[in-house]
Amino acid sequence: MIKRNKGFINLTSGYLFPEIAKRRREYAASHPDAHIISLGIGNTTEPLTPHIAKAMSDYALSLSTPAGYSGYGDEQGLMALREKIASVLYPGLITPDEVFISDGAKCDIARIQCLFGHGVNVAVQDPAYPVYVDGSVIVGAAGKPKASGNGYKGIIYMPCTPDNHFFPDLSVVPENALIYFCSPNNPTGASATREELEKLVAFALEKGCIIIFDAAYNAFIRTEGLPKSIYEIEGARKCAIEVNSFSKPAGFTGVRLGWSVVPKELVYADGTSIHSDWNRVMTTLFNGASNIAQQGGLAALDDEGQKEMRSLIDYYLENARVIRETLTGNNFKQANVSVYSTGNAPYVWAHFPGYDSWEIFDLILDKCHIVTTPGSGFGPAGESFLRFSAFGHHEDVQEACKRLSTLKI
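This section reports on the structure supplied with the text. (Residues numbered from 1 in each chain as written. Predicted model: local features only at pLDDT ≥ 70, side-chain atom pairs only at ≥ 80, totals over all residues. Heavy atoms only, no water.)

### So, the sheet that holds strand 12 (residues 373-374)
Here is step 1 of the chain: Pairing is antiparallel in the open sheet, where four strands are placed in the order 9-10-13-12. Strands at the two margins of the open sheet, each flanked by one partner only, are strand 9 (338-340) and strand 12.
Here is step 2 of the chain: Pairing of strand 9 with strand 10 (residues 347-351), which is carried by three bridges, proceeds in the antiparallel orientation. Bridge pairing links Tyr-340 to Trp-349 in strand 10.
Here is step 3 of the chain: The strands touched by helix 11 (residues 303-327) are strand 9, strand 10 and strand 13 (385-389); relative to strand 10, the strand with the most contacts, the crossing angle is about 15°. (Pairing = 2+ DSSP bridges. Helix = DSSP H or I, 4+ residues; strand = E, 2+ residues; numbered from the N terminus. Contact = heavy atoms within 4.5 Å. Axes fitted to C-alpha atoms, helices over the stretch in contact; angles between N-to-C directions.)

Rendered as structure tokens:
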């Protein structure tokens with residue numbers, strides 16, 4: 001019989017978000033009268049905006065006509081969309097043929113792990129989006145769980161805490177490593193400054209590292225001067241791949257549309273082209289994003305679409321403001337809860353001293369009927385933290401915050 005992939009054997013438990021869903025189902029089954037509100041998983045809640053939805057609808061209807069029908073497209077994506085992404089989101093920084101359209105940033109991250117395989121060191125921000133670590137374990141770039149229970153062997157954890165202002169000590173990263181870096185960060189919401197990203201790029205260039213820069217939340221940045229792309233930093237084209245998505249700014253979590261940028265200057269140690277290998281991955285392991293979704297992407301990047309997306313993002317940022325103000329209320333202050341929120345991300349990160357993450361998760365679910373996200377699920381440095389998501393209807397967020405304001409901790 002064929003042996004099981006050791007990567008799956010090494011995974012310690014189920015993926016974080018299905019575990020949250022499981023606990024929610026179990027609680028709802030035992031408390032059928034509870035009105036549970038989710039401030040947990042970062043799934044968008046508001047309808048697609050009219051201009052963007054109409055573009056997809058019109059295109060879908062045209063598929064029923066001989067003139068409008070389309071079959072397979074280029075696996076790298078519609079050239080019109082690649083050009084639009086390059087000109088609107090990266091003016092003067094990249095070329096259209098360096099853009100690869102996909103079915104989302106998470107899927108691209110999985111394919112990137114396939115690109116580099118198992119023989120590479122992996123460094124991650126701690127806490128970080130779980131797929132960076134779990135995907136690395138599955139492909140064999142990381143080993144068994146550490147004896148301490150905090151993380152996996154072969155993964156270099158870069159603690160991002162209030163003490164270092166959520167920017168890690170890069171000296172722990174070995175040479176020739178993949179560095180996963182997310183800004184604005186999921187889950188902490190921290191946004192790296194230009195000076196911090198300059199430090200990151202300089203380190204990567206010196207040590208022969210490649211940065212996997214996850215910019216999925218960059219459209220939420222409102223503070224002037226904060227970089228939205230790693231390619232705003234000189235030298236980044238020689239050491240960074242960027243992934244991004246329409247999921248959060250356009251509500252495409254179910255539509256599925258994202259992209260990656262792989263500059264042509266990016267090469268392996270032997271000088272061969274990473275761009276060329278990425279093209280091979282995308283044309284071999286992927287069959288192209290939905291033609292319908294790509295029409296939505298084109299609409300999202302014209303003037304009306306940009307206006308709609310900004311309005312949608314403002315809606316969620318207002319939710320984040322309300323959550324932040326609630327968590328800084330007297331009942332939380334008395335319990336010495338610390339709250340971190342920059343106003344540039346849809347997440348609020350809160351520390352609950354004296355509790356482990358699942359313990360405070362269960363307490364808030366039981367007392368307030370609110371689902372959150374345990375910080376420990378994002379890495380060892382997330383222990384005793386919770387992530388509160390601003391993705392929700394205003395009325396639900398306001399009701400949740402009303403309940404939280406009376407919580408006794």
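### Overview of the environment of His-51
Here is step 1 of the chain: Tracing the sequence through the fold places His-51 in helix 3 (residues 50-62).
Here is step 2 of the chain: Given the relative accessible area of 27%, His-51 is considered partly exposed.
Here is step 3 of the chain: When the C-alpha positions of His-51 and Gly-305 are compared, they lie 6.4 Å apart, and in sequence the two are 254 residues distant. (Buried < 20%, exposed > 50% of the residue type's maximum accessible area, 1.4 Å probe, protein only.)

### Remarks on the nonpolar core
Here is step 1 of the chain: If you look at the biggest cluster of nonpolar residues, it comprises 123 residues, and the most contacted ones within it are Phe-116, Phe-352, Ile-364 and Phe-388.
Here is step 2 of the chain: In contact with Phe-352, other than residues within four places in its own chain, are Phe-332, Val-337, Ile-360, Ile-364, Ser-384, Leu-386, Phe-388 and Ile-409.
Here is step 3 of the chain: Grouped together as the second largest cluster of nonpolar side chains are nine residues, Ala-216, Leu-312, Tyr-316 and Phe-391 included. (Core = buried A, V, L, I, M, F, W, Y, C linked by side-chain atoms within 4.5 Å.)

### Overview of the pairing of strand 3 (residues 121-126)
Here is step 1 of the chain: Of all the six residues making up strand 3, five are buried; the element is thus mostly covered by neighbouring parts of the structure.
Here is step 2 of the chain: Direction of pairing for strand 3 relative to strand 5 (residues 177-182): parallel, over a ladder of four bridges. Pairing of Val-122 across the sheet is with Leu-178, part of strand 5.
Here is step 3 of the chain: Here five bridges tie strand 3 to strand 4 (residues 155-159), and the two strands are oriented parallel to one another. Bridging across to strand 4, Ala-123 finds its partner in Ile-156.

### Side note on the sheet that holds strand 5
Each strand in a sheet pairs with its neighbour through backbone hydrogen bonds, running either in the same direction (parallel) or in the opposite one (antiparallel).
Here is step 1 of the chain: Read across the sheet, seven strands follow the order 2-8-7-6-5-3-4 without closing on themselves; strand pairing throughout is mixed. Pairing within the sheet leaves two strands with one partner each, and these edge strands are strand 2 (99-102) and strand 4. Averaged over all pairs of adjacent strands, the angle between their axes in this sheet comes to 20°, without regard to strand direction.
Here is step 2 of the chain: Relative to strand 2, helix 9 (residues 274-285) is tilted by about 20°, and along the sheet it contacts strand 2, strand 6 (210-214), strand 7 (240-245) and strand 8 (258-261).

### Observations concerning the pattern of salt bridges
Here is step 1 of the chain: With the rule as written, the count across this model stands at 14 salt bridges.
Here is step 2 of the chain: Residues Arg-23 and Glu-19 are paired through a salt bridge, measuring 3.0 Å at the closest nitrogen-oxygen approach. With Arg-23 and Glu-19 both in helix 2 (residues 16-30) and four residues apart, the pair spans about one turn of that helix.
Here is step 3 of the chain: Residue classification places Glu-19 among the partly exposed positions, given a relative accessible area of 24%.
Here is step 4 of the chain: With its nearest N and O atoms 2.6 Å apart, the salt bridge here joins Glu-98 to Arg-237. In this pair, Glu-98 is assigned in the loop between helix 4 (79-89) and strand 2 and Arg-237 in the loop between strand 6 and strand 7, connecting sequence segments 139 residues apart.
Here is step 5 of the chain: Taking relative accessible area as the criterion, Glu-98 reaches 1% and is therefore assigned buried.
Here is step 6 of the chain: When salt bridges that share partners are traced, they join Glu-19, Arg-23 and Asp-362 into one network. (Salt bridge = Lys/Arg side-chain N within 4 Å of Asp/Glu carboxyl O.)

### A closer look at the pairing of strand 10
Here is step 1 of the chain: Strand 10 sits mainly inside the fold: four of its five residues count as buried.
Here is step 2 of the chain: Counted between consecutive antiparallel strands, the loop separating strand 9 from strand 10 contains six residues, among which Gly-343 sits at a positive phi close to 80°.

### A few points about the environment of Lys-248
Here is step 1 of the chain: Here Lys-248 lies in helix 8 (residues 247-250).
Here is step 2 of the chain: Separated by 143 residues in sequence, Lys-248 and Phe-391 place their C-alpha atoms 9.1 Å apart.
Here is step 3 of the chain: Ignoring sequence-local partners within four residues, the contact set of Lys-248 consists of Gly-42, Thr-44, Ala-216, Tyr-217, Phe-220, Thr-253, Tyr-347 and Phe-391.

### Points about helix 4
Think of an α-helix as 3.6 residues a turn; residues three or four steps apart then line up on the same face.
Here is step 1 of the chain: Where helix 4 is concerned, the buried positions are Leu-81, Arg-82, Ile-85 and Ala-86. Along the long axis of helix 4, the arc covered by the buried residues comes to 135°, so they all point the same way.
Here is step 2 of the chain: As for helix 4, its buried residues are in contact with strand 2, strand 8 and helix 10 (291-300). (Arc of directions from axis to C-beta.)

### Observations regarding the packing of aromatic side chains
To describe a pair of aromatic rings, one takes the distance between the centres and the angle between the planes.
Here is step 1 of the chain: Tallied over the full model, the rule gives 21 aromatic pairs.
Here is step 2 of the chain: Relative to Phe-391, the ring of Tyr-316 has its centre 4.7 Å away and its plane inclined at 65°; by these criteria the two rings are edge-to-face. Note that Tyr-316 is positioned in helix 11 and Phe-391 in the loop between strand 13 and helix 14 (394-404), a separation of 75 residues in sequence.
Here is step 3 of the chain: For Phe-391, a relative accessible area of 3% corresponds to the buried category.
Here is step 4 of the chain: Both rings, one in Tyr-347 and one in Phe-391, keep their centres 6.1 Å apart while their planes meet at 75°; by these two values the pair is edge-to-face. Highlighted residues: Tyr-347 in strand 10 and Phe-391 in the loop between strand 13 and helix 14, separated in sequence by 44 residues. Like Tyr-347, the residue Phe-391 is buried in the burial classification. (Phe/Tyr/Trp six-rings, centres within 6.5 Å; stacked < 30°, edge-to-face > 60°.)

By themselves, these observations are geometric and do not establish any function.
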